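Tertiary structure, described
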Amino acid sequence: MSFRDQLHALYAPHQKPGHLSFTYGTAGFRTLASTLDSVVFTVGILASLRSKYLNGQTIGIMITASHNPPQDNGIKLIDPQGEMLEASWEAYATKLANLGTEEEVFAEVERLAQNLGIDLNDGVSGNVIIARDSRESGLALTKATIDGLKTMGTKVTDYQLLTTPELHYLVKCINTQGAYGEVSEVGYYKKLSTAFRNIYENFVQSDSKIQITIDAANGIGGPKAETLFTEYLSQYVDFQLVNNQYQDPQALNVGSGADFVKTNQKLPNNITPEPLKLYASFDGDADRVVFYYVDSNSVFKLLDGDKIATLLAGFFKDLVSKSPAKLSESCQIGVVQTAYANGSSTNHITDVLQVPVVCTPTGVKHLHHEAAKFDIGVYFEANGHGTVLFSESLLSLLQTIEPSTPQEQRSIQTLIEISNLINQTVGDAISDLLTVLIVLSIKQWTPDNWDESYTDLPNRLAKVIVPDRHVFKTINAERQLTSPKGLQLQIDDAVSKYNGGRSFVRASGTEDAVRVYAEAASKSECEELSKEVCELVK
Ligand code: 16G
């Protein structure tokens, strides 16, 4: 059947309700699940077009709303190398999702196909894989997406419940014909656990197992981490899982998870902390992680994305410096952060570690692209989204370079194994967790050794509801406003009154609100500055 006929047969139950409008934002479409049926149907159509446009390469579709509350859901597309959807296609996604009739959808798809040189009637089908997190609405939305895929006869494999990074992994494995790893969830576990085991056996000197408690936010990361640790890594890691009720969708992200811990700067539910033990929290789809502990005075200490970035950048800097000259002299290490990075972390990375820092707008795709420009690109948002990318040229050099000392051999081997351990497609709570655990074990660091590298400047992230957040336009990686007119000058004026003051304002990409970040040398100054800027924004 032609696209026209298939669309006609499948469209009616997926018509867009008239009053709604949707935007493909920082992390795809994300909103109340009950409004998303028509959107995911059009995403199915667009994914089919994308795959056909890329000569049948496999595209991923993930149904998730990450850290949002249980009643929300969302959908995003994954490009063939496991990266986020190319930016120009986000606008096509938004356009298609907002059309209200079958005729309009048909006309727009024909127009797109013509502009992009796609033959809708060549009989060649696209390829898509799909998965979802543990939300109640996920199954129905998957079915609606598959209806969209059927309009173009696209071949689809439904992997059902996965973490977002697992789906990114699978997309890359398929499109590299297995070069990145085996095309299965077991392949993902094997790749991570083999790298972890190789590093542990060769480079960790310890008689006791690594201890970690994981708060899984009652999301899909829980059962996946459980399988990995019990079936593959039980020899090395003693783990405990809390908030692992992923079969209870109403519990998702409630009083738990990376966002809760980072935003509230406090322990999630169901953790009774023992001093100086390490804890970690995932978010609902396990694409971000933060760590924490309580010190010997029972004070809560957060080890967020900035701390992860500094830990890893310092570790790689050291390894590279102990590698053969051919590698140490050419290897470019860099860290990518956003404006939300604590000023102390940026100073530590540039001044103490002497590693260059690049600042990008918020959103994984921006950081990822910048990090890919380095040989070792460490990128983390303060909220815990991130990973480390290794360039192809570094990976080939690592395979061929001859060490002349045991130390050089050790550095080369560790770099190779870590490039397999840390997800090369996207931030991944499970793979980041393993990387942090192994680095701490090699360094024989306790959580407080890690924490003491620098002290965060007091900071506050506030949310202000405004009549229209879209009037807030920024430049300079979101650090300065160009609109509303004159507001930036007022903010600059406020900031200049506080020691070590810094503040910026940007419209949220995931909520109908404006975010105000402030930091200053003391807690009271930071609170004052935050209040002042919030007033200016209202
Ligand atoms: C999304 C982004 C995350 C970003 C957050 C900012 C991805 C996969 N996720 O969750 O990176 O930190 O949005 O939210 O890109 P905001 O725009 O509401 O502040």
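Residues numbered from 1 in each chain as written. Predicted model: local features only at pLDDT ≥ 70, side-chain atom pairs only at ≥ 80, totals over all residues. Heavy atoms only, no water.

Bringing the packing of aromatic side chains into the picture now. Tallying each qualifying case throughout the model produces 21 aromatic pairs. Taken together, the ring pairs connect Tyr169, Tyr180, Tyr188, Tyr189 and Tyr232 into an aromatic cluster. One residue, Lys172, lies across the ring of Tyr180, its end atom 5.1 Å from the ring centre. Above the face of the Tyr180 ring, Lys191 is positioned so that its terminal group lies 3.7 Å from the ring centre. (Phe/Tyr/Trp six-rings, centres within 6.5 Å; stacked < 30°, edge-to-face > 60°. Lys NZ or Arg CZ within 6 Å of the ring centre and 35° of its normal.)

This part takes up the pairing of strand β19 (residues 514–519). For β19, a buried count of 6 out of 6 residues is recorded, marking the element as mostly surrounded by other parts of the structure. Here β19 shows no split at all, with Val514, Val516 and Ala518 on one side and Arg515, Tyr517 and Glu519 on the other all buried. As paired elements, strand β15 (residues 459–464) and β19 share 6 bridges and run antiparallel to each other. Each residue of the ladder has a partner; that of Ala462, found in β19, is Val516. Looking at chain direction, strand β18 (residues 502–507) and β19 are connected through 6 bridges and run antiparallel. Following the sheet pairing, Ser503 is matched in β19 by Ala518. The antiparallel pairing of β18 with β19 creates a hairpin that spans 6 residues between the two strands. (Buried < 20%, exposed > 50% of the residue type's maximum accessible area, 1.4 Å probe, protein only. Helix = DSSP H or I, 4+ residues; strand = E, 2+ residues; numbered from the N terminus. Pairing = 2+ DSSP bridges.)

Moving on to the domain arrangement of the protein. In terms of domains, the protein is made up of domain 1 (3–161), domain 2 (187–303), domain 3 (305–423 + 444–451) and domain 4 (459–537). Domain 2 and domain 4 are separated by 33 Å when their C-alpha centres are compared. (Domains from an automatic or database assignment.)

Running from amino to carboxyl end, helix α1 (residues 3–11) crosses helix α4 (residues 102–116) at an angle of 150 degrees, the nearest separation of the two axes being 11 Å. By the angle between their directions, the pair α1 and α4 is classed as roughly antiparallel. Where α1 crosses over α4, the two elements pack in a sense that is right-handed. Touching Phe3, Arg4, Leu7, His8 and Tyr11 of α1 are Glu102, Glu103, Val105, Phe106 and Val109, all from α4. (Axes fitted to C-alpha atoms, helices over the stretch in contact; angles between N-to-C directions. Parallel < 35°, antiparallel > 145°, perpendicular 65-115°, else oblique. Left-handed = near helix turned anticlockwise from the far one by under 90°. Contact = heavy atoms within 4.5 Å.)

To continue, consider the nonpolar core. By size, the foremost hydrophobic cluster in this structure holds 79 residues, and its most contacted members are Phe196, Phe291, Leu312, Phe316 and Ile376. Leaving out residues up to four positions away in the same chain, Ile376 has contacts with Phe316, Val320, Cys331, Gln332, Ile333, Gly334, Val388, Leu389, Phe390, Leu394 and Leu415. (Core = buried A, V, L, I, M, F, W, Y, C linked by side-chain atoms within 4.5 Å.)

Moving on: the site of the ligand. Not every one of the 16 residues close to the ligand is listed here, only the nearest: Glu381, Ser508, Gly509, Thr510 and Arg515. Contacts to the ligand include Glu381, whose side-chain N or O atom sits 2.5 Å from an oxygen atom. Calculation on the ligand without its partners gives an accessible area of 450 Å², and the protein chains cover 95% of this total. The class makeup of the residues in the shell around the ligand is 3 nonpolar, 8 polar and 5 charged. (Near = heavy atom within 4 Å. Polar contact = N/O pair within 3.5 Å; in protein donor to acceptor, adjacent residues only side chain to side chain. Areas by Shrake-Rupley, 256 points an atom, 1.4 Å probe, with all protein chains shown as cover. Nonpolar A, V, L, I, M, F, W, Y, C, P; charged D, E, K, R; others polar.)

Structurally, Asn342 can be placed in the loop between β11 (333–338) and α12 (343–352). Within the local environment of Asn342, its side chain forms a polar contact with the backbone nitrogen of Leu457, the two atoms lying 2.8 Å apart. With sequence-adjacent residues up to four places away left out, Asn342 is seen in contact with Asp306, Asp456, Leu457, Asn459, Tyr517 and Glu519.

Below, the discussion takes up the sheet that holds strand β13 (residues 376–380). Spatially, 4 strands are ordered β12-β11-β13-β14 in an open sheet, and the strand pairing comes out mixed. The two strands at the open ends of the sheet, each matched to only one other strand, are β12 (357–360) and β14 (386–390). Recorded for the sheet is a direction-independent mean angle of 20 degrees between the axes of neighbouring strands. The strands that helix α13 (residues 364–371) touches are β11, β12, β13 and β14; relative to β13, the one it contacts most, it runs at about 160 degrees.

Structurally, the position occupied by Glu417 is in helix α15 (residues 406–421). On the basis of relative accessibility, which here comes to 10%, the residue Glu417 falls in the buried class. Each residue touching Glu417, except ones within four places of it in the same chain, is listed here: Ala195, Asn198 and Ile199.

Another point: α13. All of the buried residues in α13 are Val364, Lys365, Leu367, His368 and Ala371. The buried residues of α13 occupy an angular sector of 165 degrees when the element is viewed end-on, so they sit on one face. Those residues of α13 that are buried lie in contact with α3 (87–97), β11, β12, β13 and β14. (Arc of directions from axis to C-beta.)

Bringing unusual backbone geometry into the picture now. Cis geometry marks the peptide bond from Ser483 to Pro484, where omega comes out at 0 degrees. Along the chain, Pro484 falls in the loop between β17 (480–483) and α18 (487–495). Phi at Leu276 takes a positive value of approximately 65 degrees, unusual for a residue other than glycine. One non-glycine residue, Gln354, adopts positive backbone phi at about 55 degrees. With respect to the element layout, Gln354 can be found in the loop between α12 and β12. Gln354 sits in the exposed class, given a relative accessible area of 56%.

Turning our attention to the sheet that holds strand β6 (residues 210–215). Taken in spatial order, the 5 strands line up as β7-β6-β8-β9-β10 in an open sheet, and their pairing is mixed. For this open sheet the edge positions go to β7 (237–242) and β10 (300–303), each flanked by a neighbour on one side alone. The mean angle between the axes of side-by-side strands here comes to 25 degrees, regardless of whether they run parallel or antiparallel. Sheet topology places strand β8 (residues 279–282) next to strand β9 (residues 289–294); 4 bridges connect them, and they run antiparallel. Bridging across to β9, Phe282 finds its partner in Val289.

Another point: the environment of Gly181. Looking at the secondary structure, you find Gly181 in the loop between α6 (164–175) and α7 (185–203). Residues Gly181 and His67, spaced 114 residues apart in sequence, show a C-alpha to C-alpha distance of 28 Å. In this view, Gly181 contacts Tyr169 and Cys173; residues no more than four positions away in its chain are not counted.

So, on to the pattern of salt bridges. Scanning the model with the defined rule gives 29 salt bridges in all. Linking Glu108 and Arg111 is a salt bridge whose minimum nitrogen-to-oxygen distance equals 2.9 Å. Here Arg111 and Glu108 lie together in helix α4, a separation of 3 residues that amounts to about one turn. Salt-bridge contacts for Lys538 lead to Glu535; the nearest nitrogen and oxygen are separated by 3.2 Å. Assigned by exposure class, Lys538 and Glu535 land together as exposed. Overlapping salt bridges bring together Arg50, Asp79 and Glu86 as one network. (Salt bridge = Lys/Arg side-chain N within 4 Å of Asp/Glu carboxyl O.)

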